[in-house]
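In case you want the letters, here they are:
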Amino acid sequence: MITRPHGRAPRAGCSQLLQLKIDEKGTRLGEKSWGASTVLSGAMGTMRSLRFISAEALVSHPQVARQSLDSVAHNLYPLLFKASYLLEQAEVTRAVLGRWPLEEFRLGALLGPSADHPQDLRDRACRACLEALVRGLADHVLQDRSRRRLRVADLTGIRDVQVQRCPCGRALGKWGRTRLLARTCCELQAEPLAAGRPVEVLADLFVTEGNFEAVVQALRPAGPAPLRVHCPSFRADSLSPSQLLHVLRLAGPGALRKLEVVHNVRLHAGHVHQLLAQVGFPRLASLTLPTKAFDAPPACASTPDGEDRLLASIARELGKMTQLTELSVAFSRLTGKIPTLLGPLQTPLRVLDLANCALNHADMAFLADSAHAAHLEVLDLSGHNLVSLFPSTFFRLLGQAARTLRILTLEECGIVDSHIGMLILGLSPCHRLRQLKFLGNPLSARALRRLFAALCELPELRCIEFPVPKDCYPEGAAYPQDELAMSKFDQQKYDEIAEELRAVLLRADREDIQVSTPLFGSFDPDIQETSNELGAFLLQAFKNALENFSRALRQIE
């Protein structure tokens, strides 16, 4: 159960640390003068303001900090919060939120760079601090109505990264943050609360079977609730189609900006049409759909003229989303269907993922000549033999996107040594390109050195993901396509070639470019966090398939 916040603690009387209070101008109040020169020196050395250094000193002594909160000017609470988060003083973080005196609390803005403290803490998903934050939010709404000031708590803005820089090193990912917030909402719903305006909570939700029930209860309280959750971003995995539709209707689809339906949500085109037509997402800017999302439903009969009317209906619904600029439909078979799918869109796409969609010449020609091409910033065309099958349309598309393209992914595109010259010509106008990923292409060390030398001319390039050179596999053997076979290469030879490629960058004075070969894909924090649940889901799916197969065999017998 949620514990009610304790009453005001007694003052600490003559403690020297208590003198470290700060006013609106950042000056220290009190008669003591110890440490003043050190504070000034620290501020000059780290570019932190005197106000922030004072806040750090105060929160370093949690008991004194909690006792002193009522004496701190309201506009200094944001500094105390960031200082407590930086130093991982969770009990101070909870106390600051519990007594938050302002009408708004916006986590991303508070942790971001500021004039008082230029360091960006938004990539610190510190478990201790985030748990304290949510508990402090609960403390706040449990106070007497007269002491509640907070109207909006925006908990978005955290970036989940592979290596945590917080002192404890323990992260609370998006799924865990969703579960924590949902459980806190459910516990508060069981508390006897005085009437008052609820706090509007903005949170990015990640919902799976494991936290589905708690999220549903949080979004649909049986009675008055002190926290009202709104969702600008929603990610779903390991849910049934009916569960997905149910929770999305509760999540406020009218305000949703980003929707990711991934991996083990088994949708077909009928479900997608139902989702878009019946739920509706008028403000959606980013949409990701899972594998095979455009496959026809089992009972859907094909039309005599071959027209995919269901896909056309889906496209019309997408066309109603006037703010849609990001679309990811990887691993859906869309041969010849790209004009139908993208034609009705009213806004040019900035992000487009068509990896492994079995595109044909008509699809590539449409992309190259469409209004989307000149606005693309992120493009993934992995799994297509672009240079072999569609050289003219592919390079025309690159030319149209050259002024905006920042991230290009061409994994397993059958790019070989003889294509390098054309690829260099195609990439040379892409002066804004920051990331190039082309894993799984059978290129030799010689071809890679030539390509790297050309990539050095792209001024904003910062990241290259390159394939294991074919020199590292047995001579004459086919270049491996599956992950297991691909991982069996000559490590020593790879290290030598990788060092040669880094030398190419060093000679061009491009130490700012990071290079790597992530054989098993880039780090995905959401998959990492829910890997156990995902594994259990896959095992259950495999068990169900075996049972269905056994049942079918018995019926035949």
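Everything below is about the structure printed above this text.
Here's a quick rundown of the structure. Only a predicted model underlies this, so the values are computations on that prediction, with no experimental measurement involved. (Residues numbered from 1 in each chain as written. Predicted model: local features only at pLDDT ≥ 70, side-chain atom pairs only at ≥ 80, totals over all residues. Heavy atoms only, no water.)

### A word on the state of the cysteines
Within the structure shown, the criterion is met by zero disulfides. Of the cysteine sulfurs around Cys 185, a residue in no disulfide, the closest is that of Cys 186, at 6.8 Å. (Disulfide = S-S within 2.5 Å.)

### Observations concerning the sheet that holds strand β3 (residues 104–106)
Where strands meet in a sheet, backbone hydrogen bonds hold them as pairs that are either parallel or antiparallel. Pairing in this open sheet of four strands is parallel, and the strands run β3-β4-β5-β7 from one edge to the other. Single-partner strands in this sheet number two, and they are β3 and β7 (227–230). On average, adjacent strands in this sheet sit at an angle of 15 degrees to one another, irrespective of strand direction. Bridge analysis of β3 against strand β4 (residues 152–154) gives three bridges, and the strand direction is parallel. Bridging from a neighbouring strand, Phe 105 pairs with Ala 153 of β4. Helix-sheet contacts for helix α7 (residues 127–142) involve β3, β4, β5 (199–202) and β7, and the interaxial angle to β5 is about 165 degrees. (Pairing = 2+ DSSP bridges. Helix = DSSP H or I, 4+ residues; strand = E, 2+ residues; numbered from the N terminus. Axes fitted to C-alpha atoms, helices over the stretch in contact; angles between N-to-C directions. Contact = heavy atoms within 4.5 Å.)

### Side note on the sheet that holds strand β14 (residues 407–409)
Sheet architecture is open: 11 strands sit in the order β6-β8-β9-β10-β11-β12-β13-β14-β15-β16-β17, paired in parallel fashion. A strand with exactly one partner marks an edge of an open sheet, and here the two such strands are β6 (205–207) and β17 (514–516). On average, each strand axis in the sheet is inclined to that of its neighbour by 5 degrees, with strand direction left out of account. Where helix α8 (residues 174–189) meets the sheet, its contacts fall on β6 and β9 (258–261), and the angle it forms with β6 comes to roughly 95 degrees.

### Observations concerning helix α10 (residues 241–250)
Along an α-helix, residues three or four apart share an orientation, since each turn contains 3.6 residues. For α10, every residue scored as buried is listed here: Pro 241, Gln 243, Leu 244, Leu 245, Val 247 and Leu 248. Here the buried face of α10 lies against α9 (212–219), β8 (233–236), β9 and α11 (269–279). Residue Gly 252 follows α10 closely and has a positive phi angle near 75 degrees. (Buried < 20%, exposed > 50% of the residue type's maximum accessible area, 1.4 Å probe, protein only.)

Function-wise, these values are silent; they only describe arrangement.
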